[in-house]
Each structure stands twice: as C-alpha cells, then as structure tokens.
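Examining the three-dimensional arrangement
Listed below are the residues making up each chain.
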Amino acid sequence: MKFSISREKLSRMLYLASSIVERRNTMPIIANVKLKAESGSLSISATDLELGLLVTEEAVVDEPGSITVGAKVIYEIVKELSDGEVSIRSSEGQRLEIKAGHSRFKINGTSADEFPSVPGVDLVTGVTSVEALKIIEMIDKTGYAISSDETKFNLGGIYVETIDGLFPGGAKSLRFVSTDGHRIAIIDRPADGLDLDRGVIVPRKGINEIKKMLEGNDGSIAVSISEGYFALRSSTVSLGVRLVDGRFPDYSKVIPSEKTTSIKVNRSDFYSAVKRVSLLTTDKSKTLKFVVSDSSLTVSSSSPEYGEATETIDIQKTGKDLAIGFSAKYLIDFMQSVSESEAIDISLSGEVGPALFSTVDDDFYRCVIMPMRFE
C-alpha cells in the first residue's frame, strides 16, 4: 500500500475515527483503525462493535492495499505534522511509514484481515434526506437532558419518533426526546419523509459521534433506521449506531396539561439572575427559590457557608402568585439551548407540579422541569 493525501483531510478522517474505537476491551484489534487505499481514494474504518464508521476521501494511490494501526498513535502523529501532503506506505512486517516535510515515522500495525466488519454503515432501506443543521439543532436542544446514570440504560440516549399532524399539510414531524427523570426536553421538526413504525433510542455515545460527523455540514444527509441501527451518510462519511434495546418511558404523562400560573420573562435577564444567585449555593443541585408576584419574579439562594443572594426581575404574569424551587443547573441548561430567543414562557402547575418551559418564538421546543424542595 502506498498513497499520499493532504494532512488536513487525513486529520479530519482520524478525528472522526479515533473517538469511536474502544481502548479498554477484550478484543485488542478494535483499538485500531483500518486504512484501505484503492482507486484514487483512502477509506478509514473504525468500530467498537456498537458503532461503526467509514470515512472516504480522495487520495493519490500508487499501490492499493490495507492495514490496521493504533487509532490513538496515528491520530496524534498526524495532528502534529506540518500542513501539506502526507505520504504513507506499508512495509514488510505490517509496519506503516509516514512522511511529511522533514518528519518520518514508522509505526507497528496488524493485518487488515483481522479487523471485524463495520456494523450499520450500509444504508440499504428506508433512506430519507434530512438537513444536517436540523439534526444538530435537535441534538443541541435535547442532549443536555440525557441521563448519566448507567443503570438506567433506557434513559441513556435520545428517543426518536415521528408524529402526525403537528405541521401544516399533514406532514409527519421528527421528534427527539430526552430525560434524566428530573426533566424532559422535547423538540419537533418537519420530518422530510421520515416515517418510523415505532420510536427508537439512540445512545449517548452515538449522539456524540453523529454531532461530530455533522460538524461544518450545512447540506443534507441520508438517514436510515432499520435492522437495529440508526445510520447516517454524508458525501464522505457513513456512520452506524446500534440502537438501545429498551423501552423509553411514557413521557407524555409528565407534560402538564393545566397551569395555575403563566410567566413571560426576558431570557437574558432571567439567565443572568439565575447564574448570579446560584453563586451562593453549596448543594450539588444548586436549588434556587422563586417567588412569583403580580409583576416581578424574585430569585434567591442561601447557604450556611457563603450567605444569601436575592435578585428581582420584571415579568408578565397571569394566574396565581406562588413560591417554587428549581435547580439552577437545569434552568441554565435550558436557557443555553435557546440563546437565540428573546423571551421565555413558563407555565407552572402549582408549587409541586411539573413546570413547562418554552420560548415565545418556537412552539415546537419544550422542556419540562420538576420543581425541587427548598428550605
């Protein structure tokens, strides 16, 4: 095998592949990436047996061939090379020689025959075109609520389903939902022809890799959900993610249908007040007290160690006055996801019922946050 390729292209390919490989495993070969040069192109494959990635770029191929090498070592080498062309060839004894400028490296590899098949990268049925920016937005607005509790495997990802009748014309919508048991993030966007028989759960690691794959892509990607995989393909990258084998909870039961108090508040004012007042909290959840009156919202915190903080902001309110507690972290996560919005709508269903947060300019993105007890 002998080929040359720009350092920029090669670095991007290895960046995508290196985070998929599993370094702590009982199958050492999957800590490697597979390089295959043929017909004017270089392809790099990586898998942890749950995710599979195949990325292909144009290259000048003098001798076709393939080899596997450690993902971490080759990525670290290529990252540090000077810009320009990188020349790579395999030699006897499964070694890989890398040349760029005045730099020379020889690293040990293994036969490509030992590398397992890469799962889920072949899109064969149910292919739909979806805007990459739409998928990125939906991940950004739900990813923060994925559970980090490894024992709750069915909450360790984003639930994906299609919904009828939300948008004009009767087109189906694509819905992403995530929850950690204390909050639920829900976003709907036009589905562009995607129609699922049932909802599926895409795991956290797969979500992270999807977002990396789509970085800098403002075009469309092909999407397929079949045979237990969520698979995507752009012009150069194919990614397959094994779906979580579990049942997602019925989140619809938690979405409040009635409200006793409605608030409209400037997002920037609310965000700044929450951040400042949370500075004087010591508990992990950073619980804040909110007192709602006719035209103002008072946010306060107290801690035996630091002291007390209070801030009052103007609001528009209908309904009852009340006092309620929320986690500052949960509020901040939501407000960071809607940084483009000017105002936030908050619907409260009493002092202990779930609260519904949304923005005045997007009826199709919501976050339900459970209140917390405060002293």
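Residues numbered from 1 in each chain as written. Predicted model: local features only at pLDDT ≥ 70, side-chain atom pairs only at ≥ 80, totals over all residues. Heavy atoms only, no water.

**Observations concerning the overall build of the protein**
- Across its full length, the protein carries six helices and 26 strands.
- Seen along its three principal axes, the alpha-carbon backbone of the protein occupies a region of about 80 × 50 × 35 Å.
- Residues classed as buried in the protein amount to 52% of the 375 residues present.
- Residue pairs at least 24 apart in sequence account for 66% of intrachain contacts in the protein once pairs closer than 6 positions are excluded.
- On the protein, roughly 18100 Å² of surface is accessible, and the fraction owed to carbon and sulfur atoms is 46%.
- Each charge class in the protein was averaged separately, 44 positive and 54 negative side chains, and the resulting centres sit 3 Å apart. (Helix = DSSP H or I, 4+ residues; strand = E, 2+ residues; numbered from the N terminus. Buried < 20%, exposed > 50% of the residue type's maximum accessible area, 1.4 Å probe, protein only. Contact = heavy atoms within 4.5 Å. Areas by Shrake-Rupley, 256 points an atom, 1.4 Å probe, with all protein chains shown as cover. Lys, Arg positive; Asp, Glu negative; His and termini not counted. Charge placed at Lys NZ, Arg CZ, Asp CG, Glu CD.)

**Section: the nonpolar core**
- Ranked by size, the top nonpolar core spans 100 residues in total, and within it Val 33, Phe 270 and Phe 357 carry the most contacts.
- Ranked by residue count, the leading element in this core is helix H6 (residues 328-337), at six residues.
- Those residues in contact with Val 33 that lie beyond four places of it in its chain are Leu 14, Ala 17, Val 21, Ile 44, Ser 45, Ala 46, Ile 67, Thr 68, Val 69, Ala 71, Ile 74 and Phe 115.
- Judged by nonpolar contacts, the second largest core, of eleven residues, contains Leu 155, Val 177, Ile 184 and Ile 186. (Core = buried A, V, L, I, M, F, W, Y, C linked by side-chain atoms within 4.5 Å.)

**So, unusual backbone geometry**
- Phi at Leu 49 is positive, roughly 75 degrees, even though this residue is not glycine.
- Mapped onto the fold, Leu 49 is located in the loop between strand S3 (41-47) and strand S4 (51-58).
- Relative accessible area serves as the criterion here: at 34%, Leu 49 is assigned to the partly exposed category.
- Even without being glycine, Gln 94 reaches a positive phi, approximately 55 degrees.

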